[in-house]
2 protein chains.
Amino acid sequence: MAYRRTPAVVSRLEDKRARILAAARSLVAEGGWRRAHIATVAETAGMATGTVYRYFPSKAELFAEVLTNVSRRERDVVAAIVDGDGSPAARLAGAVSAFAKRALRGRRLAYALIAEPCDPEIDRARLFWRAALGEEFVRLVRIGQDQGAFRRGDPRLAASCVVGALMEALVGPHAPDPIEDDATAERLVAEVTEACLAIVTRLPARGIGRIA
Amino acid sequence: MAYRRTPAVVSRLEDKRARILAAARSLVAEGGWRRAHIATVAETAGMATGTVYRYFPSKAELFAEVLTNVSRRERDVVAAIVDGDGSPAARLAGAVSAFAKRALRGRRLAYALIAEPCDPEIDRARLFWRAALGEEFVRLVRIGQDQGAFRRGDPRLAASCVVGALMEALVGPHAPDPIEDDATAERLVAEVTEACLAIVTRLPARGIGRIA
DNA sequence: TCAAGAAATGAACCCTGGCTCACTTAGTGA
DNA sequence: TCACTAAGTGAGCCAGGGTTCATTTCTTGA
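So, a few notes on the structure that sits alongside this text. (Residues numbered from 1 in each chain as written. Chains lettered and ligands numbered in written order. Predicted model: local features only at pLDDT ≥ 70, side-chain atom pairs only at ≥ 80, totals over all residues. Heavy atoms only, no water.)

### Topic: the pattern of salt bridges
Overall, the coordinates contain 20 salt bridges over all chains when judged by the stated rule. One salt bridge connects Arg139 of chain A with Asp83 of chain A, and the closest N-O pair in it is separated by 2.2 Å. Taken as a pair, Arg139 of chain A in helix 7 (residues 120-146) and Asp83 of chain A in the loop between helix 4 (59-82) and helix 5 (88-105) lie far apart in primary sequence, 56 residues in all. Given the relative accessible area of 51%, Asp83 of chain A is considered exposed. Two residues, Arg151 of chain A and Glu194 of chain B, come together in a salt bridge whose shortest N-O distance is 3.5 Å. Taken together, the residues Arg151 of chain A in the loop between helix 7 and helix 8 (155-170) and Glu194 of chain B in helix 9 (residues 182-200) connect one chain to another. Here Glu194 of chain B falls in the partly exposed class, since its relative accessible area comes to 31%. (Salt bridge = Lys/Arg side-chain N within 4 Å of Asp/Glu carboxyl O. Helix = DSSP H or I, 4+ residues; strand = E, 2+ residues; numbered from the N terminus. Buried < 20%, exposed > 50% of the residue type's maximum accessible area, 1.4 Å probe, protein only.)

See the structure below:
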């Protein structure tokens, strides 16, 4: 005797939620946070602004979910490599280049999720996932140090340097913008990987003299 | 027979301009961009909001000037070291640790100027100066490569990695926040310096096996 | 002292963009 | 078909904060 949540209805609702998420994600991927307005999301998803609020309590939560979905996947990819086998160096190289390749594929999105100025509420989620990604590298650095393959030192610091180098070179505001061809991209990934590896690997014995 | 721009007047005007800049800078240094409102600047400088607009055409230009003043100095410090003498490695170590020390001294300001989400118009100035800083490292990497001290490869990429590692480790959102004592700070600077050096230095010959 | 014009003031303006809510539309079971 | 209820709508509300401008307060030279 009324509107009931039949399976068909539920399915339609879930579909709509997914459409909103997809629209939001695609907007961020195209124009970054600047273009990510609820009104635009609604329009892109083909509905009214009010409708979006039937599925998400606020702009921040909507975009935080977008961010979480993407970031978790990236984190998991890296985590799987960290937990894989091979020498620590090989694993680090693998993790870095895997991340690098994925980031290059969706540069605008990666930049938005990692570095672009954004709403402080969304920023909280971003920091969380950035930390989570960093944590994977910390784990790997610890493994490498324990096996004597990596230089001693604060593993969190080393991991920070790796992540920083990675981010800056690939998706930072001054990263080479249009990746012309695959060869260039591959070369870029290879060099960044080498740099990250160098950060954690033992230095060759060489005097650099008095510093500073 | 009227108000003239006597030297005394000009001096007072310049003084006021300086006070506005100082207030703006100190606000950013304390609370980052979040607190950096024209009204607050005016209050801090002891004047009305409208007065600020007699000296600066817009919020963006005011803060861009703040940013430029600070950034130029940092760039110059690094540039001087790059142009100094000593081996390329020693110069890189010097530049990195000089930058690191200065950044640690004013962490909040450094974070705001380097990484904190901010107004897009201010962001343009920030990108400019970040590029300028990067350029100094590019020059140094080129020198090192020419002398055979550094690994071959795209110098801009290597410089990006250095800058990224530096920024992330020192002022990134996950940098160790309260630097307890000088010894800790010094240790931090030393490790970051070592990491940056490693990025550009030749790797020891060691097989890491098949990568990825 | 006084006229003239620059400097200072700050309340009001206005634009942006997230969010609401009174109303309309549509799906459901009897 | 019809009563009932959920889903959808979008114009308008509202807050934050940059900017303006009519008015007031100096400062100066005569």
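### Remarks on the relation of the copies chain A and chain B
What connects the two chain copies is a rotation about an axis and a shift along it. For the pair chain A and chain B, the best superposition has an RMSD of 0.2 Å and corresponds to a rotation of 179 degrees with a translation of 0.0 Å parallel to the axis. When the rotation and shift are considered jointly, the pair of chain copies conforms to a two-fold rotation axis. Of every C-alpha in chain A, the one belonging to Pro117 of chain A sits nearest the axis of rotation, 1.8 Å from it. Comparing contact sets, 100% of the residues at the interface of chain A also lie at the interface in chain B, consistent with an isologous, same-surface contact. (Least-squares fit on C-alpha atoms with pLDDT ≥ 70 in both. Contact = heavy atoms within 4.5 Å.)

### As for the environment of Ser71 of chain A
All names here are of chain A. Within the secondary structure, Ser71 sits in helix 4. Residue classification places Ser71 among the buried residues on the basis of a relative accessible area of 14%. Residues contacting Ser71, with those up to four places away along its chain left out, are Leu113 and Trp129.

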